[in-house]
Amino acid sequence: MRSLPVGSCAPMRIRPYRWLAQYYDQLFSPLRFPMDTARVRVLGRILPGVKTACDLACGTGTTALVLARKGIKMYAVDLSPHMCQLAREKADRTRLPVRVLRADMRRFWLPEAVDLITCELDALNHVPHRADLRTVAKAVERALRPGGHFYFDVNNSLGFERYWSGTVWFEKPGVAVVMRNGHNSNADRAWSEIEWFIRDGRCWRRHHERVDEVCWGSDEVRRIFHKTGFDQLRAWDAAPFFKNNSRIGPGCRTIYLARKSRG
Ligand SMILES: C[S@@+](CC[C@H](N)C(=O)[O-])C[C@H]1O[C@@H](n2cnc3c(N)ncnc32)[C@H](O)[C@@H]1O
């Protein structure tokens, strides 16, 4: 695969997770506990009334399964066929009521209106254009019942400065990953050029993958959700949930809870 020069701000297009899907749970497990804690804290009072929900950009389906275990009828949506496949396999193994749908979060449709939509681990930053926040907000609004909630977290530009810069190296048995991260503060964009080294018998195979993110300020988030039919938006700084991760400091990541208007 062609490698883009480090530091370039390439034209944005969606690149579905491929190798990242295969090794996602192994590599990103340390983020699970803080995200689970934040969800329990923010959604604690709402969850007992939730009968149907959707995890948007569900990845390998971990959150969808957590919610399904609480007796919630779950939909799980992701654009990456590899992520959808993994989420389906997990759901099949556990026999929990999770229906996995492959779709773009900007244009997804669910078979029924749901009480809650979640979108975790900065998945919302993964859209290609700044204008896509409004498109996703509209699609989410359409998929929720009146009074339903949208729970999501985003990387802010301070987060881009803190952890979307420099080179990060991970190693697990049979796989080594080098992530060369960059950001452009003026354009509110960040990217990661990822080099995979995957053991194949006695050989190591190299693969390339790229992830792009775009970010929005809190005023912009507030304005867009207000204009797309949400009458309440509450926000929490994510730093207290990431106490063991010094890179995710105050102001880096925000958790939001938006409520669709009842009227
Ligand atoms: C950082 S992962 C988060 C996965 C999951 N929410 C979690 O908490 O583990 C981002 C996910 O967003 C998905 N994604 C990226 N762009 C998307 C889009 N336009 N529509 C739906 N899913 C998308 C990726 O395939 C990936 O699974």
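Conventions adopted
- In every chain, residue numbers begin from 1 and rise along the written sequence.
- Residues qualify for local features only when their pLDDT is at least 70, as the model is predicted, and side-chain atom pairs are given and counted only at 80 or more; totals for whole chains, interfaces and linings, by contrast, use all residues.
- With hydrogens and water excluded, all non-hydrogen atoms of the structure serve as input to the side-chain values.
- Think of it this way: one heavy atom of a residue within 4 Å of a molecule or strand is enough to make that residue near it.
- Here a polar contact is recorded for every N or O atom pair within 3.5 Å, except that within protein the pair must consist of a potential hydrogen donor and a potential acceptor, and residues adjacent in sequence are included only if both atoms are side-chain atoms.
- Each accessible area is a Shrake-Rupley estimate made with a 1.4 Å probe; only the visible protein chains count as cover when residues are assessed.
- Residues are grouped as follows: Ala, Val, Leu, Ile, Met, Phe, Trp, Tyr, Cys and Pro are nonpolar; Asp, Glu, Lys and Arg are charged; all remaining types, including Gly, are polar.
- Start and end positions for the domains come from either an automated domain assignment or a database one.
- Two residues qualify as a contact provided that any one of their heavy atoms is within 4.5 Å of a heavy atom in the partner residue.
- Buried area, as used here, totals the accessible surface that two parts lose on assembly, with accessibility defined by a 1.4 Å probe and the loss added over both.
- Salt bridge criterion: a side-chain nitrogen from Lys or Arg within 4 Å of a carboxyl oxygen from Asp or Glu.
- Throughout, an axis means a line fitted to C-alpha atoms (over the contacting stretch in the case of helices), and angles, computed between N-to-C directions, take values from 0 to 180 degrees.
- Strands are runs of DSSP state E lasting at least 2 residues, helices are runs of H or I lasting at least 4, and numbering of each runs from the N terminus.
- Just so you know how the angles are binned, under 35 degrees is roughly parallel, over 145 roughly antiparallel, 65 to 115 roughly perpendicular, and the rest oblique.
- Each crossing gets its handedness from the near helix: less than a right angle anticlockwise from the far helix is left-handed, clockwise is right-handed.

Draft legend 1. Examining the site of the ligand more closely. Surrounding the ligand, one finds 18 residues, the nearest of these being Tyr24, Ala57, Asp78, Met105 and Glu120. Within the side chain of Asp78, an N or O atom sits 2.6 Å from an oxygen atom of the ligand. In the model, a nitrogen atom of the ligand is placed 3.0 Å from a nitrogen or oxygen of the Asp104 side chain. Notes on the ligand: free accessible area 590 Å², of which the protein chains cover 97%. Partitioning the shell around the ligand into residue classes produces 11 nonpolar, three polar and four charged.

Draft legend 2. Here's a closer look at the domain arrangement of the protein chain. You can read the domains of the protein chain as domain 1 (19-158 + 216-260) and domain 2 (160-213). A separation of 23 Å is found between the C-alpha centroids of domain 1 and domain 2. On the domain 2 side, the residues contacting the 21 residues of domain 1 number 22 residues. For domain 1, the biggest contributors to the area lost against domain 2 are Trp19, Leu27 and Arg247; these three give 31% of the whole. Where domain 1 meets domain 2, there are one salt bridge. For Asp188, the salt bridge is made with Arg130, and the minimal N-O distance between the two is 3.6 Å.

Draft legend 3. The arrangement of the packing of helix α5 (residues 132-143) against helix α7 (residues 218-227) in detail. Following both chains from N to C, one finds α5 and α7 inclined at 40°, their axes separated by 9 Å at the closest point. Comparing their axes, α7 and α5 come out oblique. As α5 packs across α7, the resulting crossing turns out to be right-handed. Packed against α5, whose contacting residues are Leu133, Arg134 and Ala137, the element α7 presents Val221, Arg223, Ile224, Phe225 and Lys227 at the interface. For the contact of α5 with α7, the per-class residue count stands at five nonpolar, no polar and three charged.

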